[in-house]
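Fold and geometry: a report
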Amino acid sequence: MSKTRCEPRSNRLPALRRFAIAITALNLLGHFVFGFEQSWAQPLVALATAYVMELVVELLAARSERRPARFLGGVGPFVDFLLPAHISGLAVSMLLYSNDRLAPIAFASAVAIGSKVLVRVPVGGSWRHVLNPSNTGIAVTLLLFPWVGIAPPYHFTTNLVGLGDWLLPMFIIFTGTFLNTRFTGKTALLVGWLGGFVLQAWVRSSVMGTPIASALLPMTGVAFLLFTFYMVTDPGTTPVAPRAQFAFGGAVAAAYGALMALHVVFGLFFALVIVSSMRGVGLLAWSVSRSLSHEPVARPEPIPIAVSASVALEGVRQ
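Source: prediction; values computed, not measured. Think of each chain on its own: its residues are numbered from 1, step by step along the sequence as written. Per-residue local features are limited, in this predicted model, to residues with pLDDT of at least 70; the limit for side-chain atom pairs, both in listing and counting, is 80 or more; totals at the level of whole chains, interfaces and linings are taken over all residues. Here the side-chain values reflect all heavy atoms present in the structure, with hydrogen atoms and water set aside.

**Some words on the side chain of Asn27**
Of note, Asn27 is situated in helix 1 (residues 12–34). Exposure categories follow from relative accessible area, calculated using a 1.4 Å probe and restricted to protein chains: below 20% of the type maximum is buried, above 50% is exposed, and the middle band is partly exposed. Overall, Asn27 belongs to the buried group, its relative accessible area being 5%. Pairs of residues are marked as contacts when any of their non-hydrogen atoms sit within 4.5 Å. In this view, Asn27 contacts Phe36, Leu90, Ser93 and Met94; residues no more than four positions away in its chain are not counted. Numbering of helices and strands starts at the N terminus; helices are DSSP runs of H or I of at least 4 residues and strands are runs of E of at least 2.

Here's what the structure looks like:
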């Protein structure tokens, strides 16, 4: 396994704040202008659940480790501490559609935050979560509640016409590219994911006779852009080294293609869970092998942002 590197720690908080602002603005515009189908109660319930879960988990951790809670110290630290939960909550409520039901949204938000504690593997002497929180919350909810679906793709641009149909996607591409090149350093992952997506479309077309336009059509949607720039590139749960990033992105695309060949819906979210889980198993096996060989374990490196997203698009993580 290649030696890991990480982005400068100073980039983490600025990126968190920018992403929190961006996803908040997207939700406000979505409900007021774009035509989001969900009610206002759903993002509010998602945020309340995510906030409470994040605070409770931190209080329990601080008590067990006999240290002050990280959200203490004033309004600024408190707000900064809740940024990951804020991003996860809004991503979950924006991407799931449960009609007028609130419980599935609260459940997905709770799973998103809980997965950061429950699913961890040893990395360089510390324990880290390996699953994208908001993506995990969405995937688990889709599996357990078959009557819950993904928000209809059209609701991102229902009320946009003419130039607006182009401006919104271009804005997401511009801001997402800037965030992932300037702050998270996930350019190689983006190349692997997008290149792999085109490749799996070509393979499905060549082997299974799927029209190439149909196989590539998801790339034209806003939901795909949000998943690409704000979820699959989550720095907290993806590799750091460029070659590993490229392989990770390509693996997610390959898993998506396999799921499509098997007629499994919601393939984007399940593909990311599958590949992240396999990476977690690999990290666990590598750590165990190092322990058995009594090799010194490298000191943990700072965890960069966790852009959860989640949208997906989510998430910057702690």
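From this point on, the discussion continues.
**Brief notes about helix 4 (residues 103–118)**
Taking 1.5 Å of rise per residue, the 16 residues of helix 4 would be expected to cover 22 Å, and the 21 Å separating its terminal C-alpha atoms lies within 8% of that figure. Residues of helix 4 that are buried: Pro104, Ile105, Ala108, Ser109, Val111, Ala112, Ile113, Gly114, Ser115 and Lys116. In this fold, the buried residues of helix 4 make contact with helix 2 (41–65), helix 3 (75–95), strand 1 (96–97), strand 2 (120–123), strand 3 (126–129) and helix 5 (133–144). Expected span of a helix, by definition, is 1.5 Å for each gap between consecutive residues, and there is one gap fewer than residues.

**Structural notes on a nonpolar patch on the surface**
A grouping of Leu199, Trp202, Val203, Val207, Met208 and Ile212 is seen on the molecular surface, where their side chains present a nonpolar patch of about 600 Å² in accessible area. Counting residues per element, the nonpolar patch draws most heavily on helix 7 (residues 187–208), which supplies five residues. Inspection of the secondary structure assignment puts Trp202 in helix 7. We classify Trp202 as exposed; its relative accessible area is 53%. Patch membership needs two things, relative accessible area over 30% and no salt bridge, and members are linked within 9 Å if like-charged or within 5 Å if nonpolar (Val, Leu, Ile, Met, Phe, Trp, Tyr). Using the Shrake-Rupley algorithm and a 1.4 Å probe, accessible areas are obtained, with residue cover drawn only from the displayed protein chains. Between Lys or Arg on one side and Asp or Glu on the other, a salt bridge is scored when a side-chain nitrogen of the former is within 4 Å of a carboxyl oxygen of the latter.

**Structural notes on helix 11 (residues 267–292)**
For helix 11, spanning 26 residues, the distance from its first C-alpha to its last is 37 Å, which sits close to the expected 38 Å at 1.5 Å a residue. Those residues of helix 11 not exposed but buried are Gly267, Leu268, Phe269, Phe270, Ala271, Leu272, Val275, Ser276, Gly280, Leu283, Ser287 and Arg290.

**Here's the deal with the pattern of salt bridges**
Summed over the entire model, instances satisfying the criterion amount to five salt bridges. In this structure, Arg17 engages Asp80 in a salt bridge whose closest nitrogen and oxygen atoms are separated by 2.9 Å. Residue Arg17 is located in helix 1, and its partner Asp80 is located in helix 3; the two are separated by 63 residues in the primary sequence. Under the relative-accessibility criterion, Asp80 is labelled buried at 17%. Ionic pairing is found between Glu65 and Arg67, a salt bridge with its closest N-O pair at 2.6 Å.

**Examining the packing of aromatic side chains**
In this scheme Phe, Tyr and Trp rings, the latter by its six-membered ring, pair at centre separations within 6.5 Å, and the angle between planes marks the pair as stacked below 30 degrees, edge-to-face above 60, and tilted otherwise. Throughout the structure, instances matching the rule amount to 13 aromatic pairs. Ring geometry for Phe32 against Trp40: centres 5.4 Å apart, planes inclined by 55°, an arrangement best described as tilted. Measuring from centroid to centroid gives 5.5 Å for Phe71 and Phe81, while their planes differ by 55°, and the two rings are tilted. Placement of Phe71 in the loop between helix 2 and helix 3 and of Phe81 in helix 3 is noted, with a sequence separation of ten residues between them. A residue is classified by how much of its surface remains accessible, and Phe81, at 3% relative accessible area, is buried. Put simply, the rings of Trp193, Phe197, Phe224, Phe227, Tyr256 and Phe269 pair up and form one aromatic cluster.

**Looking at the packing of helix 7 against helix 10 (residues 242–261)**
Axes, fitted as lines to C-alpha atoms, cover a helix only where it is in contact. Angles between the N-to-C directions of the axes lie from 0 to 180 degrees. At a closest axis distance of 7 Å, the pairing of helix 7 and helix 10 adopts a crossing angle of 30°. The orientation of helix 7 with respect to helix 10, classified from their angle, is roughly parallel. The handedness of the crossing between helix 7 and helix 10 is right-handed. Each of Thr187, Ala188, Leu189, Val191, Gly192, Trp193, Gly196, Phe197, Gln200, Arg204 and Met208 in helix 7 lies in contact with helix 10, whose residues at this interface are Pro242, Gln245, Phe246, Phe248, Gly249, Gly250, Val252, Ala253, Tyr256, Gly257, Met260 and Ala261. The labels follow the angle: roughly parallel below 35 degrees, roughly antiparallel above 145, roughly perpendicular from 65 to 115, and oblique for the rest. Should the near helix be turned anticlockwise from the far one by less than a right angle, the crossing is left-handed, and should it be turned clockwise, the crossing is right-handed.

**Some thoughts on the environment of Tyr230**
Tracing the backbone shows Tyr230 in helix 9 (residues 222–230). Note on Tyr230: relative accessible area 7%, which makes it buried. Sequence-wise, Tyr230 and Thr177 are 53 residues apart; in three dimensions their C-alpha atoms are separated by 9.8 Å. Here a polar contact is taken to be a pair of N or O atoms separated by no more than 3.5 Å, where protein atoms must pair a possible hydrogen donor with a possible acceptor and residues adjacent in sequence count only if both atoms sit in side chains. A polar side-chain atom of Tyr230 sits 3.5 Å from the main-chain amide nitrogen of Gly176.

No statement about biological role is implied by the geometric values presented.
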